[in-house]
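# Architecture and fold: a report
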Amino acid sequence: MNPHLDKLHPYPFEKLRQLFAGVTPNPDYAAISLGIGEPKHPTPPFIQKALAHGVAGLANYPTTAGSDALRGAIASWLERRYGVPALNPATQVLPVNGSREALFGIAHCVIDASKPAPLIVCPNPFYQIYEGAAYLAGAEPYFVNSEPGRNFGCDYASVPATIWPRVQLLYLCTPGNPTGATLSLADWEQLFALSDRYGFVIAADECYSEIYHTSAAPLGALEAAHQLGRSGGETPYANLIVFSSLSKRSNVPGMRSGFVAGDPAVIKKFLLYRTYCGGAMSPPVQAASIAAWGDEAHVQENRVKYREKFALVTPLLREVMDVELPDAGFYLWADVRRSGLSDTEFARRLYAEYNITVLPGSYLARDAHGINPGSNRIRMALVAEVDEGVEAAQRIVQFCKSLKSS
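On a predicted model such as this, the values are computed, not experimentally measured, just so you know.

### Brief notes about the UniProt feature "domain: Aminotransferase class I/classII large" (unreviewed entry) in the protein chain
Per the UniProt annotation, the sites labelled "domain: Aminotransferase class I/classII large" (unreviewed entry) are residues 32–382. In residues 32–382, helix accounts for 37% and strand for 17%; the two terminal C-alpha atoms are 11 Å from one another.

Shown next, in the form of structure tokens:
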């Protein structure tokens, strides 16, 4: 067996299952889960119809590169959303079966394990796929902690100069999971300069880009590169690739539809890799994806729902814990130290007493540089409808107040 498999940590939800072992939740309350970031808003009917109408394509093997129409739809969306010059759909865009498999696979495409001690830089806390991809590609993760004082941004200037020459890939998530943090143009300028100097690839995970709570949409990686003069010439978007998907944007996590876009040299290698691992998107999903990428009305309606939910829930929770409205995404990243409980104790007792599931923040991070930046925090995924989110918040407030009274 592959010895690298022994390096993998249990997935956060397996840890949660073990934490809840032997606990019977209070039957006086209906179960509410804020644990998993799975969108619960209804899938738009027009996407369902496009999926059904595409079933005739099941008679054909799909190509790994996807159809010209799908690549064109993705390229057009990127141009509209980020104001970037026209992308070449044939060389700068690649459909993938959700961003998860692509984020995992890119490490196997990029990492040269023959070089001494290769590293992959990851934010901390992080999406656990980054870490698993590093280990199974023969590299080691190097964690850069998010900092509350930087609005949960990572301080890449804190990385020792001796580390960067070993870095071959840098994962980042913007808007961040679980913090909701976004990158500024100055942040991108710093990262591009480091990439140019040391030659590593930047993998920008942007799957939460369309759920935001500010008047302006989050700055995207391709957008930042264009503003900094990196979108043209002989090496457009050099060493930069962006990952996104329809799961959160269009409430279709079961479709497993996303894309990779950016540096054509990296895309070419990644297409070769994915041709061998069989990552082709089914024709009905391609048809539905074309419809989804071409429509913005349903995305705007979805965003309004999230804004309403966060506007109601955040002030309620602020009474009993330290939590603020994030820049973007559908998570609240709350400090629970005021409760007197650790993040794991908080999650276990909340589940037992009020039948609400939240995810301990320490499960989403690693001990690095002397701390676990997820400790004493919980992640709450506000993915259900508004009424359920408010009900959950009211129970959490009641739970915290009961702790104080006892």
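Okay, back to it.
### Things to note about unusual backbone geometry
That bond from Asn-124 to Pro-125 is cis: its omega, 10°, falls within 30 degrees of zero. Tracing the backbone shows Pro-125 in the loop between strand S3 (119–124) and helix H5 (128–136). Here the residue pair Asn-177 and Pro-178 is connected by a cis peptide bond, since its omega of 15° sits within 30 degrees of zero. Relative to the elements of secondary structure, Pro-178 occurs in the loop between strand S6 (167–173) and helix H6 (185–198). One non-glycine residue, Asn-151, lies in the positive phi region at around 55°. Mapping Asn-151 onto the fold places it in the loop between strand S4 (140–147) and strand S5 (153–154). The phi dihedral of Phe-152 falls on the positive side, at around 65°, and the residue is not glycine. Checked against the element boundaries, Phe-152 lands in the loop between S4 and S5. Judged by its relative accessible area of 18%, Phe-152 is buried.

### Some remarks on the sheet that holds strand S8 (residues 240–245)
The sheet built from eight strands is open, its strands ordered S2-S9-S8-S7-S6-S3-S4-S5 with mixed pairing. In the strand order of this sheet, the two ends are held by strand S2 (93–96) and S5, each with one partner. In this structure, S2 lies alongside strand S9 (residues 258–262), joined through four bridges in antiparallel fashion. Paired with Pro-95 across the bridge in S9 is Phe-259.

### Side note on the sheet that holds strand S12 (residues 359–360)
What the three strands build is an open sheet, ordered S10-S13-S12; its pairing is antiparallel. With partners counted over all chains shown, the strands left at the sheet margins are strand S10 (331–335) and S12, one partner each. Alignment of S10 against strand S13 (residues 377–381), held across five bridges, turns out to be antiparallel. Bridge pairing in S13 places Trp-333 opposite Arg-379.

### Things to note about the pairing of S6
Across the seven residues of S6, seven count as buried, placing the element largely inside the fold. In this sheet, S6 lies alongside S3 in parallel orientation, the contact comprising three bridges. Note that in S6 the partner of Val-121 across the bridge is Leu-170. Strand direction decides the pairing type here: S6 and strand S7 (residues 201–205), joined by five bridges, are parallel. What sits directly across from Leu-172, in S7, is Ala-204. With respect to chirality, the unit in which S6 leads through H6 into the neighbouring parallel S7 is right-handed.

### Thoughts on the nonpolar core
With 80 residues, the main nonpolar core has Leu-169, Tyr-171, Met-321, Phe-346, Met-380 and Ile-396 as its most contacted residues. Leave out the neighbours within four places in its chain, and Leu-169 touches Ile-106, Ala-107, Val-110, Ile-111, Leu-119, Ile-120, Val-121, Phe-200, Val-201 and Ala-203. Counting residues in each nonpolar core, the second largest holds 50 residues, with Tyr-156, Ile-202, Ala-204 and Val-252 among its members.

### A few points about the environment of Gly-105
Position of Gly-105 relative to the elements: it lies in helix H4 (residues 99–110). For the pair formed by Gly-105 and Tyr-130, sequence separation is 25 residues and the distance between their alpha carbons is 10.0 Å. Leave out the neighbours within four places in its chain, and Gly-105 touches Phe-270 and Tyr-273.

### A closer look at a nonpolar patch on the surface
Residues Met-1, Leu-5 and Leu-8 make up a contiguous nonpolar surface patch of about 350 Å² in total accessible area. Overall, the relative accessible area of 93% leaves Met-1 in the exposed class.

### Comments concerning the packing of aromatic side chains
According to the stated counting rule, one finds 20 aromatic pairs in the structure shown. With a centroid separation of 6.3 Å and 20° between ring planes, the pair formed by Trp-164 and Tyr-198 is classed as stacked. Taken together, the residues span a long stretch of sequence, with Trp-164 in the loop between S5 and S6 and Tyr-198 in helix H6 at a distance of 34 residues. On the basis of relative accessible area, Tyr-198 is assigned to the partly exposed category, the value being 22%. Between Phe-330 and Tyr-331 the ring centres are 4.9 Å apart and the planes differ by 75°, which places this aromatic pair in the edge-to-face class. Each member of the pair, Phe-330 as well as Tyr-331, carries the same accessibility label: buried. An aromatic cluster of at least three residues, connected via ring pairs, comprises Tyr-29, Phe-346, Tyr-354 and Phe-399.

The rules behind these values
- Residues numbered from 1 in each chain as written.
- Predicted model: local features only at pLDDT ≥ 70, side-chain atom pairs only at ≥ 80, totals over all residues.
- Heavy atoms only, no water.
- UniProt positions renumbered as here; feature names shortened; annotations may be inferred.
- Helix = DSSP H or I, 4+ residues; strand = E, 2+ residues; numbered from the N terminus.
- Buried < 20%, exposed > 50% of the residue type's maximum accessible area, 1.4 Å probe, protein only.
- Pairing = 2+ DSSP bridges.
- Right-handed = clockwise from strand over helix to strand, strands pointing away.
- Core = buried A, V, L, I, M, F, W, Y, C linked by side-chain atoms within 4.5 Å.
- Contact = heavy atoms within 4.5 Å.
- Patch = residues over 30% accessible without salt bridge, like charges linked within 9 Å, V, L, I, M, F, W, Y side chains within 5 Å.
- Areas by Shrake-Rupley, 256 points an atom, 1.4 Å probe, with all protein chains shown as cover.
- Salt bridge = Lys/Arg side-chain N within 4 Å of Asp/Glu carboxyl O.
- Phe/Tyr/Trp six-rings, centres within 6.5 Å; stacked < 30°, edge-to-face > 60°.

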